[in-house]
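Coordinate inspection notes
These are the residues of each chain, in order.
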Amino acid sequence: MATVFTALVIFGIAVILGLTLLFLIFKHRRVPARLLLIDGALATLGILLLAVYTFSRTPGPIESLVILIIATVIGALMGYKSLSGKSFSKWLAVGHEVMLVTGFLFLLSFILGWMNP
């Protein structure tokens, strides 16, 4: 049970960092590489924890895991482009953040539904 709560907290921090990065992108400011790498590392750690939890319990938050994996892959591609100096669509960044928030909310609803049967 602690695993899923830890994953939720980690994704919560990743959402906040992602919103900060999105704000910087829309303000046409340089995205700090450290912030980008921390965001990616947290998202990856959250995916690993959530995958361990999901595949060790039935039922598990599989919908949340799938959405968050897709969002993390998109984020990794954007991070690669950003670190290599290439540009990407701002709407891709918005879509990434919407997916991340959606996956986070799915995970939160799973936890709340599981805690209150």
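That block above? That's the structure.
Residues numbered from 1 in each chain as written. Predicted model: local features only at pLDDT ≥ 70, side-chain atom pairs only at ≥ 80, totals over all residues. Heavy atoms only, no water.

Within the largest apolar cluster, 16 residues are counted, with the highest numbers of intra-cluster contacts made by V4, F11, L50, L68, L100, L107 and I111. Counting residues per element, this core draws most heavily on helix α1 (residues 2–26), which supplies 5 residues. Contact partners of L100, with chain neighbours within four places excluded, come to F11, A14, V15, L68 and A71. The next biggest cluster of nonpolar side chains, apart from the first, holds 15 residues, and it includes I10, L21, L35 and L42. (Core = buried A, V, L, I, M, F, W, Y, C linked by side-chain atoms within 4.5 Å. Buried < 20%, exposed > 50% of the residue type's maximum accessible area, 1.4 Å probe, protein only. Helix = DSSP H or I, 4+ residues; strand = E, 2+ residues; numbered from the N terminus. Contact = heavy atoms within 4.5 Å.)

Here we come to the environment of V31. Within the secondary structure layout, V31 lies in the loop between α1 and α2 (33–56). With near-sequence residues (within four places) excluded, V31 lies in contact with L21, I25, L36 and S82.

What follows covers the layout of surface pockets. The computed volume of the largest pocket comes to approximately 360 Å³. Where the lining of the largest pocket is concerned, the elements lending two or more residues are α1, α2, α3 (62–83) and α4 (90–115). Among the elements that make up the lining of the largest pocket, the one with the highest residue count is α3 (8 residues). In terms of residue class, the lining of the largest pocket is built from 15 nonpolar, 8 polar and 2 charged. The computed volume of the second largest pocket comes to approximately 160 Å³. Residue lining of the second largest pocket: I25, R29, R30, V31, S82, K86, S87, F88 and K90, and that is the complete set. Broken down by class, the residue content of the lining of the second largest pocket amounts to 3 nonpolar, 2 polar and 4 charged. (1 Å grid on protein atoms, 1.4 Å probe; cavity = no way out; pocket = protein on both sides within 12 Å on 5 of 7 lines; lining within 4 Å. Points joined across faces, edges and corners; volume = space filled by probe spheres on them. Nonpolar A, V, L, I, M, F, W, Y, C, P; charged D, E, K, R; others polar.)

A cis geometry characterises the amide bond from T58 onward to P59, with omega recorded as -5°. Examined against the element boundaries, P59 turns out to sit in the loop between α2 and α3. Of note, H28 is a non-glycine position whose phi angle comes to about 60°, a positive value. With respect to the secondary-structure elements, H28 resides in the loop between α1 and α2.

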